[in-house]
Amino acid sequence: MKEKTSDKILSLLKVEGALTAKVLASELGLTTMGVRQHLQALEDDGDISFEDKKAVRGRPTRYWSLTVQSNSHFSDRHEELTVQLIDSVKVIFGDEGLEQLIAHREQASFVLYSDRLASKPDLLGKLEVLAELRSEEGYMATVVVGDNIIVDGDTVENKTVYWLMENHCPICAAASKCLNFCRSELNLFQTLLAPYATVEREEHIVEGARRCAYKVTALV
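Residues numbered from 1 in each chain as written. Predicted model: local features only at pLDDT ≥ 70, side-chain atom pairs only at ≥ 80, totals over all residues. Heavy atoms only, no water.

**Q** Give me the nonpolar core: which residues, what numbers.
**A** The biggest cluster of nonpolar side chains holds 24 residues, and the ones touching the most others in it are Leu123, Phe189, Leu193 and Val216. Contributions of two or more residues to this core are made by α4 (78–117), α5 (123–136), β6 (161–166), α7 (180–193), β7 (197–203) and β8 (212–218). When residues of this core are assigned to their parent elements, the largest contribution, six residues, is made by α5. The residues contacting Leu193, other than those within four sequence positions of it, are Leu117, Leu123, Lys126, Leu127, Val199 and Val216. Residues Leu13, Ala25, Leu42 and Ile48 belong to the second largest nonpolar core, which totals 13 residues. (Core = buried A, V, L, I, M, F, W, Y, C linked by side-chain atoms within 4.5 Å. Buried < 20%, exposed > 50% of the residue type's maximum accessible area, 1.4 Å probe, protein only. Helix = DSSP H or I, 4+ residues; strand = E, 2+ residues; numbered from the N terminus. Contact = heavy atoms within 4.5 Å.)

**Q** Describe empty space enclosed by the protein, and please don't skip the residues or the numbers.
**A** Applying the stated criterion across every chain yields a total of two cavities of 30 Å³ or more. In this structure, the largest cavity encloses a volume near 70 Å³. Those elements that place two or more of their residues in the lining of the largest cavity are α7 and β8. Taken together, the residues of the lining of the largest cavity sort by class into seven nonpolar, two polar and four charged. Volume-wise, the second largest cavity comes out at about 40 Å³. Contributing to the lining of the second largest cavity are Arg105, Glu106, Ser109, Arg134, Ser184, Glu185 and Leu188. The set of elements that each furnish at least two residues to the lining of the second largest cavity consists of α4 and α7. (1 Å grid on protein atoms, 1.4 Å probe; cavity = no way out; pocket = protein on both sides within 12 Å on 5 of 7 lines; lining within 4 Å. Points joined across faces, edges and corners; volume = space filled by probe spheres on them. Nonpolar A, V, L, I, M, F, W, Y, C, P; charged D, E, K, R; others polar.)

**Q** Can you tell me about the sheet that holds β6, naming the residues and giving the values?
**A** Ordered by their spatial adjacency, four strands build an open sheet running β3-β6-β8-β7, and the pairing between neighbours is antiparallel. Two strands bound the open sheet, and with one partner strand each, they are β3 (141–145) and β7. Strand-to-strand twist of the sheet, defined as the mean angle between neighbouring strand axes without regard to direction, takes the value 25°. Two strands pair when backbone bridges link them, and β6 and β8 are joined in this way by six bridges, in the antiparallel orientation. Paired with Leu164 across the two strands is Tyr214, which belongs to β8. Contacts from α5 reach β3, β6, β7 and β8 within the one sheet, and its direction differs from that of β3 by about 155°. Here α7 sits on the sheet and contacts β6, β7 and β8; the angle it forms with β7, its principal contact strand, is near 150°. (Pairing = 2+ DSSP bridges. Axes fitted to C-alpha atoms, helices over the stretch in contact; angles between N-to-C directions.)

**Q** Help me get a handle on the side chain of His204, residues and values and all.
**A** With respect to the helices, strands and loops of the structure, His204 is situated in the loop between β7 and β8. Filtering out sequence-adjacent residues up to four positions away, His204 remains in contact with Cys182, Ala209, Arg211 and Cys212.

**Q** Explain the environment of Val35 to me, and be specific about the residues and the numbers.
**A** Counting through the fold element by element, Val35 comes out in helix α3 (residues 32–44). Relative accessible area serves as the criterion here: at 0%, Val35 is assigned to the buried category. Between the C-alpha atoms of Val35 and Ala25, which are ten residues apart in sequence, the distance is 5.9 Å. Dropping the residues within four chain positions of it, Val35 is found in contact with Ala21, Leu24, Ala25 and Leu30.

Rendered as structure tokens:
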């Protein structure tokens, strides 16, 4: 399959670093105007950005470089590596060793989360901080008040109910390989919020849902 011009541009920027449109045009055998059209499209998609550097004479020179988002265009075997590591832990240390690893991860998260949640006295405030923490870890989490929220076709009308929505799972490969990662995360939320609310998972990405949805019901 013939490589697209945009992919060639990304590859050049990956290997050579920041480049001007003129240099890219020369490398690709295209006109500068043609390259600029592709650069604009890549910028609109968030894959590249530019920096104008002062030239010795005349106008500043524009250099294009990759953004962090562009990593999605390049080979990434971290999911495969994660699964291989889980298999290796089970082979070397057995199921008990894997459970110890998951428990250690859960305990470390509990210490981090509980310290941050302690600054908020109310349930909603704690949930908002929890969502921030989870989003920092790549879960794209939000908190929604439970009034008229639809989950699996059911409408829930109860202002003492909140939903912690996680729209992405950065550990999906690990969770699919070992569901105890998911069990551990649910247990973590339940332990963190035990004095204030009950927590149930109503939707689950690993089971084919669009997101993970946690129903948080206030105790008071």
